[in-house]
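Results of the structural survey
Spelled out, the chains give:
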Amino acid sequence: MTGRLGPGADRPGASGLPGAHTEPTVRDELCHPCDPVFQHGVVVGFDGSLSSERALAYAVGMARRSQCGLVIVHVANRLPATVWAGCEPPVFVDLPDHRTEVLGLELACADFLAGVPWILVERGGDICHEIEEVGREYAADAIVVGTTHGLLGKIFGSVSGRLARRANRPVIVIP
């Protein structure tokens, strides 16, 4: 567990001089150790859409063939608040997203996931950043995502396209 050492706390290398003040420190480790079965596994972005279901099906087959774990990532909605005061960046408002619970229940009942160890990870924020971050945390061998169809993908660029350009690991885009 990540912890803080307060002033005067005992720790290796701390000065034993009277009046010495030790600064609080935070360990830069992950808050949760990853189960080894999910290390070097397959990360897949999933939101319940048709394209993400196809990506999930491909990722399940890939994890089964590679005999590794499957990390399913759902990025919860974050809506930008329209607060632009001068040159300040926009403020993001976290809204409860119960969709992850629904997706988790649907996945728990899915027969095609039988025989493959999997976990569902919920994140909030930019989809590309969060999927890549989960891939980094689990040292994923590959990231699988579906394509974005529609007007928003054409205007702002698709998630799969942005992820393929910036990821530090292979990205497989399923149409």
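Our subject is the structure listed above.
A few points on the structure. (Residues numbered from 1 in each chain as written. Predicted model: local features only at pLDDT ≥ 70, side-chain atom pairs only at ≥ 80, totals over all residues. Heavy atoms only, no water.)

Next up on the list: the environment of aspartate 35. Note on placement: aspartate 35 falls in the segment before β1 (42-45). Linking aspartate 35 and glycine 69, residues 34 residues apart in sequence, is a C-alpha distance of 9.3 Å. (Helix = DSSP H or I, 4+ residues; strand = E, 2+ residues; numbered from the N terminus.)

So, on to the packing of helix α3 (residues 127-137) against helix α5 (residues 159-166). At their nearest, the axes of α3 and α5 sit 9 Å apart, and the two run at 50° to each other. Comparing the axis directions of α3 and α5 gives the class oblique. In terms of crossing hand, the pair formed by α3 and α5 is right-handed. Across the interface between the two elements, Ile127, Cys128, His129, Ile131 and Glu132 of α3 pack against Val159, Arg162, Leu163 and Arg166 of α5. Considering only residue class, the contact of α3 with α5 consists of 5 nonpolar, 1 polar and 3 charged. (Axes fitted to C-alpha atoms, helices over the stretch in contact; angles between N-to-C directions. Parallel < 35°, antiparallel > 145°, perpendicular 65-115°, else oblique. Left-handed = near helix turned anticlockwise from the far one by under 90°. Contact = heavy atoms within 4.5 Å. Nonpolar A, V, L, I, M, F, W, Y, C, P; charged D, E, K, R; others polar.)

Turning to unusual backbone geometry, a few remarks are in order. Here histidine 40, not a glycine, exhibits a phi torsion of approximately 60°, which is positive. Turning to its location among the elements, histidine 40 is positioned in the segment before β1. Of the residues examined, histidine 40 reaches a relative accessible area of 45% and is grouped as partly exposed. Despite not being glycine, alanine 139 has its phi angle at roughly 50°, a positive value. Relative to the assigned elements, alanine 139 resides in the loop between α3 and β6 (142-146). (Buried < 20%, exposed > 50% of the residue type's maximum accessible area, 1.4 Å probe, protein only.)

Here we take up helix α1 (residues 50-66). The end-to-end C-alpha distance of α1, which contains 17 residues, comes to 24 Å, matching closely the 24 Å that a straight helix rising 1.5 Å per residue would cover. Against the buried residues of α1 lie β1, β2 (70-76), α2 (99-108), β6 and β7 (171-174). Two residues or fewer past α1, glutamine 67 is found with a positive phi of approximately 55°. (Expected span 1.5 Å × (residues − 1).)

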